[in-house]
Amino acid sequence: MQLDPKIPPGRLQDKWDYYKDHCKLVSPANKKKHTILIVGTGLAGASAAATLAELGYNIKSFCIQDSPRRAHSIAAQGGINAAKNYPNDGDTVWRLFYDTIKGGDYRSREANVYRLAQISNQIIDHCVAQGVPFAREYGGLLANRSFGGAQVSRTFYARGQTGQQLLLGAYSSMSRQIAAGKITMFPRREMLDLVIIDGKARGIIVRNLITGEMERYAGDAVLLCTGGYSNVYYLSTNAKNSNVTAAWRCYKRGALFANPCFAQIHPTCIPVSGDYQSKLTLMSEGLRNDGRVWVPKNSGDKRHPNEIPEAERDYYLETRYPSFGNLVPRDVASRNAKQVTDEGRGVGTTGLSVYLDFRDAIKNSGKNAIAEKYGNLFQMYQRITDENPYQVPMRIYPAVHYIMGGLWVDYNLMSTIPGLHVLGEANFSDHGANRLGASALMQGLADGYFVIPYTLGSYIAQTNLPPVSTDDAAFTEAETAASNKIEQLLNINGSKTVMEFHRQLGKILWDDVGMSRSKSGLKSAIAQIADLRSQYWQDVKVTGSNDTLNKNLEFAGRVADFLELGELMARDALNREESCGAHFREEYQTTEGEAQRNDSEYSYVAAWQYQGATEQPLLNQELLKFENVELTQRSYK
């Protein structure tokens, strides 16, 4: 398949303006004639719904939660990037673009990333106008703090609840349009299939999670804003409801899946404490502004941290990366944490954690100043661990957090299925092989508020979209396929729970497709996952029925999709014989243990095409062209 990214002509700095100047438009009167289906109500979905409804489109919005404001975007803590340069420390749109490209280890598309950097400043103005309570300096100006992978302070924040406050801003705008009748909200619905008519995305099949009833909805375009698939690993920082099902069903209808192996490990999470856990809790990267990361210099040192003198502490990030110190990007910090724990210098009862220490910050700035910055995060940590981080260093360890892979989209955010647009974390477009902190919220809001109104309008203006009926044979076929899968799961009546299978899958992926990967491990993972998937369809036990609220049934369908996705992730990682960003192949590293890219062979987006249940997926490549940045070995020293 030929992949055309549809990048506008002209200088990098002018491409987005050129696009806006030349794209097709839909008149205000004609917008009212079109219905858009938006799946997901996180930052990307909520901002798109509010903006498109304000423009006059008729919006049908779907979410699996009981309220749009419970989308997982609410969990984001640390902040949102923008090149405002309020601290006057030298930031520019170009620097934000370059840091993002470099942070992703040169595996993302230049044009998309530069557009994101350009739009970043508009996002802040828009959200301030909505009333989002960003932190402010004493004089009233918006405050900024530093995040990993940058030497300027460009991260706007609302203490440790930035995602929640931004989502409330989008939700309030969305609620206004619900009240105006331009958005019809469908909570507690899960998208189970995409309906394609005449080669275009024209509808979706959803299951009512309360009644079990299958429902059909038709529209002129579908916007998929369903987030990432970190929960394929079982333990992640994502909410338990987060899943890949909507995107995966679109993949099986013809949308290409891009870079599925690019999964980000976040270095600042509360460590695993036992097999009983169903998820992990993130501690914001923003804590690394004042917290210092260290381990004992000697392996096996189990003394209380406050008893270990300064001379016997190894502040390994500060030593190894003097320019960036504790604010190296997430993939770099995670690999270094793994390295010191592998050396036997990890702390805590399991030995799988390192210290994040605020002793010096409290001494220099005072407890009240630190509490004002991070109070709610400290409270969260203490409630979970029963340890007071004002008195004892936090214990942190890497955990799966964000997904850079997703459905392939072009510059218009449209997948290989005409009319199916993919926004936010559900697409692959902006972060390459590693996302810099505070860029997820930036991408979700850029896509929803500022990009999709232009690109969707251009698609509608130049596409023949005759009315379609939910009685069309394509709707019947899609609903039947989704219903049959549910019945099949209910009828297996095996001996093992859905959670047991999911936990097994997660362990395989964490061990072999996690922080460190190898050829032998990836081949083993592919074989193990295929075997586990076969067992699943013979021995899973799904209790309850299909005609009522049934969380077990919901998770059963999602884990079935995870079992297929997990194998694709391993195949993608096996194919990419290089190390880049969060994808670290043990065979490909520098003499200093850093990721070693192979630009001559792997400067491409790996876009996988579904070939059927019994066939291996087909690899398509979008070659990445770097005309504005020089491909260099990443260095944060």
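Before reading on, note that the structure itself is shown above.
Residues numbered from 1 in each chain as written. Predicted model: local features only at pLDDT ≥ 70, side-chain atom pairs only at ≥ 80, totals over all residues. Heavy atoms only, no water.

### So, the sheet that holds strand E1 (residues 35-39)
What counts is decided by this rule: Strands are labelled as partners when DSSP assigns at least two bridges between them. Secondary structure elements follow DSSP: runs of H or I no shorter than four residues count as helices, runs of E no shorter than two count as strands, and numbering proceeds from the N terminus. For helices, the fitted axis covers only the stretch in contact; all axes are lines through C-alpha atoms, and the angles between them, taken along N-to-C directions, range from 0 to 180 degrees. Whether two residues touch is decided by their heavy atoms; if any such pair falls within 4.5 Å, the residues are in contact.
Spatially, five strands are ordered E5-E2-E1-E9-E17 in an open sheet, and the strand pairing comes out parallel. In this open sheet, the two strands that pair with only one neighbour each are strand E5 (183-186) and strand E17 (420-422). Pairs of neighbouring strands in the sheet enclose a mean axial angle of 20 degrees, with direction left out of account. Across three bridges, the pairing between strand E9 (residues 221-224) and E17 is parallel. Looking at E17, one finds that valine 222 is bridged to leucine 420. Here helix H3 (residues 43-55) sits on the sheet and contacts E1, strand E2 (58-62), E5 and E9; the angle it forms with E1, its principal contact strand, is near 165 degrees. Contacting E2 and E5, helix H6 (residues 162-179) crosses the sheet at an angle of about 110 degrees to E5.

### Remarks on H3
Quick reminder of the rule: For a helix, the expected span equals 1.5 Å multiplied by the residue count minus one. Only protein chains enter the area calculation, which uses a 1.4 Å probe; residues under 20% of their type maximum are buried, those over 50% are exposed, and those in between are partly exposed.
The terminal C-alpha atoms of H3 lie 18 Å apart, and with 13 residues this matches the ideal 18 Å at 1.5 Å per residue to within 8%. Among the 13 residues in H3, eleven count as buried, and that is most of the element. Buried within H3 are the following residues: Leu43, Ala44, Gly45, Ala46, Ser47, Ala48, Ala49, Ala50, Thr51, Leu52 and Ala53. In the stretch just after H3, glycine 56 is the one whose phi turns positive, near 120 degrees.

### Examining the environment of valine 409
Assignment of secondary structure puts valine 409 in the loop between strand E16 (406-407) and E17. The contact partners of valine 409, leaving out residues within four places of it in the chain, are Arg109, Met414, Ser415, Val422, Asn427, Phe428 and Ser429.

### A look at empty space enclosed by the protein
As a reminder of what qualifies: Put simply, the grid is 1 Å and covers the protein atoms alone, a cavity is a trapped set of points that fit a 1.4 Å probe, a pocket is an open set with protein on both sides within 12 Å along at least five of seven lines, and lining residues have an atom within 4 Å of a point. Grid points are joined across faces, edges and corners, and a volume is the space filled by probe spheres set on the points. Three categories are distinguished: nonpolar for Ala, Val, Leu, Ile, Met, Phe, Trp, Tyr, Cys and Pro, charged for Asp, Glu, Lys and Arg, and polar for the others, with Gly belonging to the last.
Summed over all chains, the structure comprises seven cavities of 30 Å³ or more. Taken as a whole, the largest cavity encloses approximately 130 Å³ of empty space. As for the largest cavity, its lining consists of 14 residues, and the residues nearest its centre are Leu192, Ile486, Leu553, Glu554 and Gly557. Those elements that place two or more of their residues in the lining of the largest cavity are strand E6 (189-197), helix H7 (245-251), helix H13 (473-492) and helix H16 (551-575). A breakdown of the residues in the lining of the largest cavity according to their chemical character gives six nonpolar, two polar and six charged.

### A word on the packing of aromatic side chains
Test applied: By convention, a stacked pair of Phe, Tyr or Trp rings (six-membered ring in the case of Trp) has centres within 6.5 Å and planes under 30 degrees apart, an edge-to-face pair has planes over 60 apart, and any other such pair is tilted.
Evaluated as defined, the whole model comprises 29 aromatic pairs. Ring centres of tyrosine 251 and tyrosine 610 lie 5.5 Å apart, and the angle between their planes is 65 degrees; on these two criteria the pair is classed as edge-to-face. Of this pair, tyrosine 251 sits in helix H7 while tyrosine 610 is found in the loop between strand E18 (604-609) and strand E19 (618-623), placing the two residues 359 residues apart along the sequence. Here the aromatic cluster, defined as three or more aromatic residues joined through ring pairs, consists of Tyr229, Trp248, Tyr251, Phe257 and Tyr610.

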